[in-house]
Amino acid sequence: MSTIMLALPSKGRIQEEAIAVFEKAGLPIERPGGARSYLGEMAAMPDVVVRFLSASEIARELIRGTIDIGITGEDLIHESAETGPQQVEIVKRLGFGRADAVVAVPDSWIDVTAMADLSDVAADFRARHGRWLKVATKFVNLTRRHFARHGIAEYRIVESLGATEAAPASGAADLIVDITTTGSTLRANGLRVLEDGVMLKSESLLVVARNAEWHAGKLATLNMLLQPLGAAAFS
């Protein structure tokens, strides 16, 4: 079979912009079951099966190879699996959904401006308070990799289920790792990004799964889809 599966974000502004990418390329996508349906179709290319999923699910399934191609955030590819970026191929950067994954500390930490300072604080916390620094985040894998690169080991991750920015003020954590676009929410909560605290500059990507079952027919369909999108060919 030459059918391929395309996954698009299921809601919000990202969904609208993802659909617009294909419309601009002359490949409009319809949802016969209505706006709440998770199924779509592309009349111009009937061999492309369209599914609407959450952006995080798209990232996970692309890495596993159960989806052939999809649009998701770069941060989610990095967060979903340690080897996530190696399991997929970015065929086009889309220029929307931009956000930075950052390390942010309370404004009151006037002597902490960089990750090296944070390393000193972590050691001091252990000595003075008998506990490790608490870092609130939804991005556990990104946090662990970034902190390891800076030689910081004396910390504990507090997985954030709500508004991460509120964690330091509530006492649930000492600092945070989160996604930000303008930084206004961080500032409103008395937080600032460390000088070298930008872990990843993320945006929405058109991504192909390296682990999918590729054969000549599917590859032909895929590259027919990629060409009008101005995306890189996949082989």
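Computed from a predicted structure; not experimentally measured. Just so you know, the residues in each chain are numbered from 1, in the order the chain's sequence is written. Predicted model: local features are reported for residues with pLDDT of at least 70 only, side-chain atom pairs are reported and counted for 80 or more only, and whole-chain, interface and lining totals are derived from all residues. The side-chain values count all of the structure's non-hydrogen atoms but skip hydrogen atoms and water molecules.

> Which residues make up the nonpolar core, and what values do they have?
Residues belong to one nonpolar core when they are buried, are Ala, Val, Leu, Ile, Met, Phe, Trp, Tyr or Cys, and are joined through side-chain atoms within 4.5 Å. When a residue's accessible area, from a 1.4 Å probe over protein chains only, is under 20% of the maximum for its type it is buried; when over 50% it is exposed; and in between it is partly exposed. Among the nonpolar cores identified, the biggest contains 28 residues, and Leu8, Phe22, Leu206 and Leu225 are the most heavily contacted of them. Where helices and strands are cited, they refer to DSSP runs of H or I of at least four residues and of E of at least two residues respectively, numbered from the N terminus. Secondary structure elements with two or more residues in this core: strand S1 (4–9), helix H1 (12–24), strand S3 (48–53), strand S4 (69–73), strand S11 (204–209) and helix H9 (216–229). Within the second largest apolar cluster, 24 residues are counted, among which are Val135, Phe139, Ile152 and Val177.

> Which residues make up the side chain of Asp174, and what are the values?
Tracing the backbone through its elements, the reader meets Asp174 in the loop between helix H7 (167–170) and strand S9 (175–180). A distance of 2.7 Å separates a polar side-chain atom of Asp174 from the backbone nitrogen of Lys134. The contacts of Asp174, once residues within four sequence positions are left out, are Pro106, Trp109, Phe125, Arg131, Trp132, Leu133, Lys134 and Pro168. Between N or O atoms, a polar contact is any pair within 3.5 Å; within protein, one atom must be a potential hydrogen donor and the other a potential acceptor, and residues adjacent in sequence are included only when both atoms are from side chains. By the convention used here, residues are in contact when the closest approach between their heavy atoms is within 4.5 Å.

> Could you give me a rundown of the sheet that holds S11, with the residues and numbers involved?
Two strands qualify as a pair provided DSSP detects at least 2 bridges between them. Pairing is mixed across the open sheet formed by 6 strands, whose spatial order is S2-S3-S1-S4-S11-S5. A single partner strand is all that each edge strand has here, and the edge strands are strand S2 (39–41) and strand S5 (88–93). Averaged over neighbouring strand pairs, the angle between their axes works out to 30° when direction is ignored. Where S5 and S11 come together, 5 bridges link them in antiparallel fashion. Among the inter-strand pairings, Ile90 is bridged to a residue of S11, identified as Val207. Running over the sheet, H1 touches S1, S3, S4 and S11 and is turned about 135° from S1. Its contacts with the sheet put H9 on S1, S3, S4, S5 and S11, and the angle it makes with S1 is roughly 40°. Helix axes are fitted to C-alpha atoms over the stretch in contact, other axes to C-alpha atoms as well, and angles between N-to-C directions run from 0 to 180 degrees.

> Can you explain the sheet that holds strand S7 (residues 133–137)? Please cite residues and give values.
Across the sheet, which stays open at both edges, the 5 strands sit in the order S8-S7-S9-S6-S10 with mixed pairing between neighbours. Edge positions in the sheet fall to strand S8 (155–159) and strand S10 (191–202), since each has one partner strand and no second. With direction set aside, neighbouring strand axes in the sheet form an average angle of 25°. Packed onto the sheet, helix H5 (residues 115–129) meets strand S6 (99–106), S7, S9 and S10 and runs at close to 125° relative to S7. Lying over the sheet, helix H6 (residues 140–149) contacts S6, S7, S8, S9 and S10, oriented at roughly 165° with respect to S8.

> Residues and numbers for the pairing of S3, please.
In this sheet, S3 lies alongside S1 in parallel orientation, the contact comprising 6 bridges. What sits directly across from Ala7, in S3, is Arg51.

> Break down the pattern of salt bridges for me, citing the residues and quoting the values.
By definition here, a salt bridge exists when the distance from a side-chain nitrogen of Lys or Arg to a carboxyl oxygen of Asp or Glu is within 4 Å. A complete count under the given rule lists 9 salt bridges for this structure. In this structure, Lys201 and Asp100 form a salt bridge, with 3.4 Å as the shortest nitrogen-oxygen distance. Highlighted residues: Lys201 in strand S10 and Asp100 in strand S6, separated in sequence by 101 residues. Exposure remark for Lys201: the relative accessible area of 59% places this residue in the exposed category. A cluster of three or more residues bridged by salt bridges with shared partners is formed by Glu74, Arg93 and Glu203.

> Describe helix H2 (residues 55–64), with residues and values.
Listed in full, the buried residues belonging to H2 are Ile58, Ala59, Glu61, Leu62 and Ile63. One or two residues past the end of H2 sits Gly65, with phi positive at roughly 90°.

> Quick rundown of the side chain of Thr180? Include the residues and the values.
Mapping Thr180 onto the fold places it in strand S9. We classify Thr180 as buried; its relative accessible area is 13%. Within polar-contact distance, the side chain of Thr180 engages the backbone nitrogen of Gly183 at 2.9 Å. Discounting chain neighbours no more than four positions away, the residues touching Thr180 are Ala99, Asp100, Val102 and Leu186.

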